[in-house]
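Here's the letter readout for the chains.
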Amino acid sequence: MEKYNWADPQSGTAFPIAKAGYPFIFAFAFITAVLALIGLTFLTVIALIMTVFTCCFFRDPDRVIPDGNGLVVSPADGKVVAMAPVSDSPLGKEPCLKVSIFMSIFNVHVNRVPCDGNITGIDYHPGKFFSANLDKASAENEHNKIFLRTENNQRICFVQIAGLVARRIICHLSGDETVIRGQRFGMICFGSRLDVYLPADTKLRVTLGDKVQAGTSVLGTLL
């Protein structure tokens, strides 16, 4: 039987919400209250729907993390839209495997660290805002590259990529920081994508089109 653990302390609430969502939720709730007070029923209903949707978008459920040597978990909820060997990546010219996960506005957008290791660098780039499910989004959209080295000296890179609607990438990590598999590290607001670059000999455990959950779904095993 596969073992699991908690990477982060449990929230202790039935419907945890990421702190980044509080300003949006309070703003929509305030607008809803004002519209209700002045008697604009139709607009009040629309604003209430937006408030509920925003609460759902910024939901941050607790996740149990699979425990095992060399496991790499998904850093995001969403759908695997691309996976292939590449010879030119943020890791350099050495061959590696690239797995791309597209997050729609209906997915949980909190991102989690894919495996245990040490953060060796973070490289943010401003850019464009093409739809995140397009291949060119990896190179041309606003993105944030996070480099990690495992205890076995294997290098991994995971990249937060802004999408068509997304305008804010949040990352709480810093260089030379030790992290564990499944811990929360940030989020991307309103539709986005995560690319993960793994060693070429990684044994993948997902296929194209699979739906994955951050911290829970295993992308592959490092050999």
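Residues numbered from 1 in each chain as written. Predicted model: local features only at pLDDT ≥ 70, side-chain atom pairs only at ≥ 80, totals over all residues. Heavy atoms only, no water.

*Asks:* Just checking my understanding: could you explain the sheet that holds strand 16 (residues 218–221) for this structure?
*Replies:* For sheets, the rule is that strands pair by backbone hydrogen bonds, running either parallel or antiparallel. Pairing within the open sheet is antiparallel, and its 3 strands lie in the order 3-16-14. Of all strands in the sheet, those bounded by a partner on one side alone are strand 3 (71–73) and strand 14 (203–204). Note that strand 3 and strand 16 share 3 bridges and pair antiparallel. Bridging across to strand 16, Val72 finds its partner in Gly220. (Pairing = 2+ DSSP bridges. Helix = DSSP H or I, 4+ residues; strand = E, 2+ residues; numbered from the N terminus.)

*Asks:* So what exactly am I meant to see when it comes to the pattern of salt bridges here?
*Replies:* When the charged atoms of two side chains with opposite charge come close together, those side chains can pair. Within the structure shown, the criterion is met by 9 salt bridges. Between Asp8 and Arg112 there is a salt bridge, and its shortest N-O distance comes to 3.6 Å. A residue pair is termed long-range when its members are at least 10 positions apart, and Asp8 in the loop between strand 1 (3–6) and helix 1 (22–37) and Arg112 in strand 6 (residues 110–112) qualify at 104 residues. Neither Asp8 nor Arg112 differs from the other in exposure class; each is buried. (Salt bridge = Lys/Arg side-chain N within 4 Å of Asp/Glu carboxyl O. Buried < 20%, exposed > 50% of the residue type's maximum accessible area, 1.4 Å probe, protein only.)

*Asks:* Just checking my understanding: could you explain the environment of Val45 for this structure?
*Replies:* Locating Val45 in the fold gives a position in helix 2 (residues 41–57). Considered as a pair, Val45 and Thr32 are 13 residues apart in the sequence and their alpha carbons are 7.8 Å apart.

*Asks:* Help me understand the pairing of strand 8 (residues 143–149) in this model?
*Replies:* Two faces, one strand: in a regular strand the side chains alternate between the faces of the sheet. Burial of strand 8 is extensive: 6 of the 7 residues sit out of reach of the surface. With 7 bridges joining them, strand 7 (residues 117–125) and strand 8 adopt antiparallel strand pairing. Bridging from a neighbouring strand, Asp123 pairs with Lys145 of strand 8. Alignment of strand 8 against strand 9 (residues 155–162), held across 7 bridges, turns out to be antiparallel. Paired with Phe147 across the bridge in strand 9 is Cys157. Where strand 8 hands over to strand 9, the hairpin turn is made up of 5 residues, of which Asn153 adopts a positive phi near 70 degrees.

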